[in-house]
Every structure is written in C-alpha cells, then in structure tokens.
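Next come the chains, spelled out residue by residue.
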Amino acid sequence: MTEIPVGKDLLDPNDRAAAALRARLAERGVWMLNLMSGAGAGKTTLLVRTLERLKRRFRVGAVAGDLETSRDAERLATAGVPVAQINTHGACHLEADQVERALREIGGFDLEAVVVENVGNLVCPAEFDVGETERAMILSVAEGHDKPAKYPLMFTESRALLLNKIDLLPHVDFDEEAALRDVRALNPSVEVFRTSARTGEGMEAWYRWVEDRILARRRGA
Ligand SMILES: Nc1nc2c(ncn2[C@@H]2O[C@H](COP(=O)(O)OP(=O)(O)O)[C@@H](O)[C@H]2O)c(=O)[nH]1
Ligand SMILES: [Mg+2]
C-alpha cells in the first residue's frame, strides 16, 4: 500500500489559526507548551508542580483541555496561577482557535509562559497544531512499553518525552530499554526525562529544560 506523506496544509483552517497564534506569541515573547499524553499519564499532577516552580520566576498561566468538567482547571489553579478551561464536548483534541480564546481569558499574551494540558488521548492531539512553541508528551510506565511503536505520531512530534510514574517501576512489567529503543528510532533527538510527579524524583531536570526555554524566549528566541 502506498503511504501518502502528511505535509503542512496551510489551507487547513486550524493550521492557519495555529500559525497566526504562534506568530503572535513570538511577537509578545510568550513561550507556550502543548503537553500531550494518554488519559491518566499524569499531565495535571506534573503541571501543578511545574507551575508552582515556574511562578517563582516567571509570569505563567495554564489552559486545561477536557471533554467535560472543570476539574483539571481547578487542580491547576491550586498552583496559584491564572487558568482557563476548554471543554471540547466529545472532541478528543484541542484546536488553535480554542486555545487562542482561552489565552485571551487569562491575559495570556501578557504572560511569559503558558502551559496547555491537551485532552487525554495518545492519538488525536498529535494531529492538531494548537500554535504552541514546543510540544512535549508523557508516557507513564503503567501504560506499557509497547505504546511508542503502536502510537508513533505523538512520539515523533514531541521535543521532550516525560517517562512518568517511575516510582511504580518495581510494580509493573515496563521494559524501559525496549520503550526507549522504539522512541529513539522514531525521534532520535527527543529529550527524555524520567519523572515521578508524585514523589518529585527527576523533576528538577524537567524544570530546568522548561526554564531554559522561557529564558531563551525572553532573550528573543
Ligand atoms: N504513582 C504515581 N501516580 C501518579 C504520578 N503522576 C500522576 N499520578 C496519578 O495518576 C492519576 C492520573 O493523574 P493525572 O495527573 O490526573 O493525569 P492526566 O489525566 O494525564 O492529567 C492520578 O491518580 C495521579 O495521582 C506518578 O508520578 N506516580
Ligand atoms: Mg488531567
């Protein structure tokens, strides 16, 4: 079977909105992270800790995407930063125009960094540009080491991969070497962070990676 290469189609309304949003964020000096994962990998837990750290040095905010409820927005708000919730009512991903509206709600264009928690799904979010500066994803060790090979797009598209819930490694049959071999075959330059958003293990390196990027943007990158 012939595979048709997927290119950037600027006639697609979402791609156009995403490109415009990315340009606006660059102009305003805002760094925006699009954090993706399957449901339950630990996005909200990790972001609460990350926001608590970032707010000491930067003006930060967050956008939470979910099918229904404002539960994640409420959890993220415990970090003491402005948060907007997007409910997609059935859609399994966020789109750029929704994120742009959410940013306006929280004064996002006057912040230095915004983290977007995408809808929990290992497939759809990777197919939609939301105008982010950088994409990262979480794979938790509870999900199984076969996931990179089975759901390659998100692993291919992410600049950083957080291998989360490493506190559970003694209790699960996750083969880290096999998972990382598949990840590297898809995306040789991906930055990998081994984290436990529960215990805090490994989080310092992740904070540094994020902070370096926010500082680079401050300098005009
Ligand atoms: N053991 C362990 N549990 C975690 C970790 N991170 C998140 N969790 C738990 O995993 C569940 C889902 O986490 P949540 O942050 O809601 O994931 P999300 O759906 O990706 O936003 C919750 O019960 C969290 O307490 C971790 O590093 N280790
Ligand atoms: Mg969540």
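This write-up is about the structure you can find in this document.

About the criteria used
- Residues numbered from 1 in each chain as written.
- Chains lettered and ligands numbered in written order.
- Predicted model: local features only at pLDDT ≥ 70, side-chain atom pairs only at ≥ 80, totals over all residues.
- Heavy atoms only, no water.
- Salt bridge = Lys/Arg side-chain N within 4 Å of Asp/Glu carboxyl O.
- Disulfide = S-S within 2.5 Å.
- Helix = DSSP H or I, 4+ residues; strand = E, 2+ residues; numbered from the N terminus.
- Buried < 20%, exposed > 50% of the residue type's maximum accessible area, 1.4 Å probe, protein only.
- Donors = N, O, S within 2.8 Å, 3.2 Å for Na, K, Ca; no water.
- Pairing = 2+ DSSP bridges.
- Axes fitted to C-alpha atoms, helices over the stretch in contact; angles between N-to-C directions.
- Contact = heavy atoms within 4.5 Å.

## Notes on the pattern of salt bridges
According to the stated counting rule, one finds 17 salt bridges in the structure shown. Between D146 and K150 there is a salt bridge, with its nearest N and O atoms 3.6 Å apart. One network of salt bridges, with partners in common, ties together R24, E100 and R104.

## What about the state of the cysteines?
For the coordinates displayed, the defined rule picks out 1 disulfide. One disulfide in the model links C92 with C124; its S-S distance is 2.2 Å. Between C92 and C124, the S-S dihedral sits near -95 degrees, and the bridge is therefore left-handed. Here C92, found in the loop between β3 (83-87) and α4 (96-105), pairs with C124, found in the loop between β4 (113-117) and β5 (134-140); they are 32 residues apart in sequence, far enough to count as distant. For C92, a relative accessible area of 23% gives the class partly exposed. You can call C124 buried: its relative accessible area is 16%.

## Let's talk about the coordination of the magnesium ion (ligand 2)
The coordination sphere of the magnesium ion (ligand 2), as far as protein atoms go, consists of T44 (OG1), D72 (OD) and E117 (OE), spread over 2.1 Å. Each donor residue of the magnesium ion (ligand 2) lies on the same chain, and together they follow the pattern T-x27-D-x44-E. Of this pair, T44 sits in helix α2 (residues 43-54) while D72 sits in helix α3 (residues 71-77); the two residues are 28 residues apart in sequence, bridging distant segments of the chain. Residue D72 is classed as buried on the basis of its relative accessible area of 11%.

## Examining the sheet that holds β3
The 7 strands lie next to each other as β3-β2-β4-β1-β5-β6-β7, forming an open sheet whose pairing is parallel. Bordering the open sheet on either side are β3 and β7 (191-194), each of which pairs with just one other strand. Averaged over all adjacent pairs, the angle separating strand axes in this sheet is 20 degrees, with direction ignored. Here β5 pairs with strand β6 (residues 160-164) via 5 bridges, running parallel. Across the sheet, A136 pairs through a bridge with A160, a residue of β6. Of the strands in this sheet, β1 (31-37), β4, β5, β6 and β7 are in contact with helix α8 (residues 203-218), which crosses β1 at around 145 degrees.

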